[in-house]
Amino acid sequence: MAAVAHPAFPQPRDRNCKVWRFMDFSKFVNLVLSKQLWLSRADLLGDPYEGAISPFTYDLIRQQLENDERFPNQRIESSVNDLRNFFDSTRRYTFVNCWHLNRHESAAMWKLYTKSDEAVALVSTYKKLAESLDENHYVGQVTYTDYESSPIPIGNAFGPFMQKRVSFSHENEIRVVRWHPEYGEYSTEDGGHPLEPPMVDGIAAPIELARLIDAVYVSPTAPMWFFKTVGDFIKSAGLDLKVIQSSLFTSPL
């Protein structure tokens, strides 16, 4: 059982490279108790460009259609709009889980992705992450692109979800992606009476934590009682995981 290989998902050169996931303790508790990774719906991630096509790319498509003598001019704008609507709709049924690729612990990621001192970071490897997921998932390394001067690949619907603007390159993101079309469509009863849309905020992926996690780092600003609490909680859950107090902000003296 492993995530599926796909040409839209670039692979890191070293599959044994470290990957990190920073989170507040409440999310860690949920992860341990549920034994599931949470994948958020793409259009709720906070980036309006998430899974979207850049204006620069649409302009290139429009120019190509205008230069195609076989394509009627009156259909150009409607075709571009159809493409825009398609990629916008995929955001509602594409679900994402994000990790940080780095050989070392990142002070920036602690500040960006945790809300308090009571936080942890999971450490694994790319290979373990990919092999811990089933065949319904895809894993790859995000490519950072200048959306104002470079086209976004649209040959496959997954393409835009593995691209982000260069302003986010500090994330150095490894991304888990799953499609679930039934969660993005509105359905109707016989006779045309509308039902509640099946859209959800996210979906969960079963995971074997002992197989995935190499160590749990405790926030560098956390008090010692919290470090002990994390260790006690992990033991009470029946897990044998290494717990490390981050020393990022320890005085050199």
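Structure first, text after, so check above.
Since the model is a prediction, treat every value here as computed from it, not as a measurement. (Residues numbered from 1 in each chain as written. Predicted model: local features only at pLDDT ≥ 70, side-chain atom pairs only at ≥ 80, totals over all residues. Heavy atoms only, no water.)

Chemist: Talk me through unusual backbone geometry; I want residue IDs and the actual numbers.
Modeler: For residues besides glycine, phi is generally negative; the peptide bonds are generally trans as well. Positive phi values are uncommon outside glycine, yet lysine 35 reaches one of about 55 degrees. Within the secondary structure layout, lysine 35 lies in the loop between α1 (25-34) and β2 (36-41). Residues other than glycine seldom take positive phi values, yet asparagine 172 does so here, at roughly 40 degrees. Looking at where asparagine 172 falls in the secondary structure, it is placed in the loop between β7 (163-165) and β8 (173-179). Taking the relative accessible area as the measure of exposure, asparagine 172 reaches 27% and is therefore partly exposed. (Helix = DSSP H or I, 4+ residues; strand = E, 2+ residues; numbered from the N terminus. Buried < 20%, exposed > 50% of the residue type's maximum accessible area, 1.4 Å probe, protein only.)

Chemist: Quick one: what's the story with helix α3 (residues 76-90), residue by residue and with numbers?
Modeler: For α3, which comprises 15 residues, the first-to-last C-alpha distance of 22 Å matches the rise-based estimate of 21 Å (1.5 Å per residue) to within 8%. Along α3, the residues classified as buried are Ile76, Val80, Phe87, Ser89 and Thr90. As for α3, its buried residues are in contact with α2 (55-66) and β3 (94-101). (Expected span 1.5 Å × (residues − 1). Contact = heavy atoms within 4.5 Å.)

Chemist: Describe in detail the packing of aromatic side chains, supporting the description with residues and values.
Modeler: Considering all chains together, one arrives at 15 aromatic pairs under this definition. Geometrically, the ring pair formed by phenylalanine 25 and phenylalanine 28 is tilted, given 6.2 Å between the ring centres and 40 degrees between the ring planes. On the criterion of helical spacing, the pair formed by phenylalanine 25 and phenylalanine 28 is a turn pair, its members being three residues apart in helix α1. Of the residues examined, phenylalanine 28 reaches a relative accessible area of 0% and is grouped as buried. (Phe/Tyr/Trp six-rings, centres within 6.5 Å; stacked < 30°, edge-to-face > 60°.)

Chemist: Please set out the environment of glycine 231 residue by residue, giving values where relevant.
Modeler: You can see glycine 231 is positioned in helix α7 (residues 224-236). For glycine 231, a relative accessible area of 15% corresponds to the buried category. Sequence spacing of glycine 231 and valine 218 is 13 residues, and the spatial spacing of their C-alpha atoms is 9.6 Å.

Chemist: Account for the packing of α2 against α3, with residues named and values stated.
Modeler: The N-to-C vectors of α2 and α3 enclose an angle of 145 degrees; their axes lie 10 Å apart at closest approach. Here the hand of the crossing between α2 and α3 comes out right-handed. Residues Tyr58, Ile61, Arg62, Leu65 and Glu66 of α2 form the contact with α3, whose own contacting residues are Ile76, Glu77, Ser79, Val80, Leu83 and Arg84. The class makeup of the residues in the contact of α2 with α3 is six nonpolar, one polar and four charged. (Axes fitted to C-alpha atoms, helices over the stretch in contact; angles between N-to-C directions. Left-handed = near helix turned anticlockwise from the far one by under 90°. Nonpolar A, V, L, I, M, F, W, Y, C, P; charged D, E, K, R; others polar.)

Chemist: Please set out the pairing of β3 residue by residue, giving values where relevant.
Modeler: For β3, the buried fraction is high: seven of the eight residues fall into the buried class. In this structure, strand β1 (residues 18-24) lies alongside β3, joined through two bridges in antiparallel fashion. The residue of β3 that forms the bridge with tryptophan 20 is histidine 100. Note: β2 against β3, two bridges, orientation antiparallel. Within β3, the residue paired with serine 40 across the bridge is valine 96. Bridge count between β3 and β8: seven bridges; the pairing is antiparallel. The residue bridging tryptophan 99 from the neighbouring strand is isoleucine 174, located in β8. (Pairing = 2+ DSSP bridges.)

Chemist: Explain the nonpolar core to me, and be specific about the residues and the numbers.
Modeler: The nonpolar side chains of a soluble globular protein tend to be buried, and buried together. Ranked by size, the top nonpolar core spans 38 residues in total, and within it Phe28, Leu37, Leu129, Leu133, Val216 and Val230 carry the most contacts. By residue number, the principal contributor to this core is α1, which donates five residues. Leaving out residues up to four positions away in the same chain, leucine 129 has contacts with Leu37, Trp99, Ser124, Val139, Ile174, Val176 and Leu212. Counting residues in hydrophobic clusters, the runner-up holds 11 residues, among them Ala8, Val142, Phe161 and Val177. (Core = buried A, V, L, I, M, F, W, Y, C linked by side-chain atoms within 4.5 Å.)

Chemist: Tell me about the pattern of salt bridges, residues and numbers included.
Modeler: Evaluated as defined, the whole model comprises 11 salt bridges. Notably, a salt bridge pairs arginine 62 with aspartate 59, separated by 3.1 Å at the nearest N-O pair. Placement of the pair is arginine 62 and aspartate 59 together in helix α2, with a separation of three residues, close to one helical turn. Overall, the relative accessible area of 18% leaves arginine 62 in the buried class. Relative accessible area serves as the criterion here: at 39%, aspartate 59 is assigned to the partly exposed category. The shortest N-O distance in the salt bridge between arginine 91 and aspartate 88 comes to 3.6 Å. Residue aspartate 88 is classed as partly exposed on the basis of its relative accessible area of 41%. Residues participating in the shared-partner salt-bridge network are Glu50, Lys164, Glu171, Glu173 and Arg175. (Salt bridge = Lys/Arg side-chain N within 4 Å of Asp/Glu carboxyl O.)

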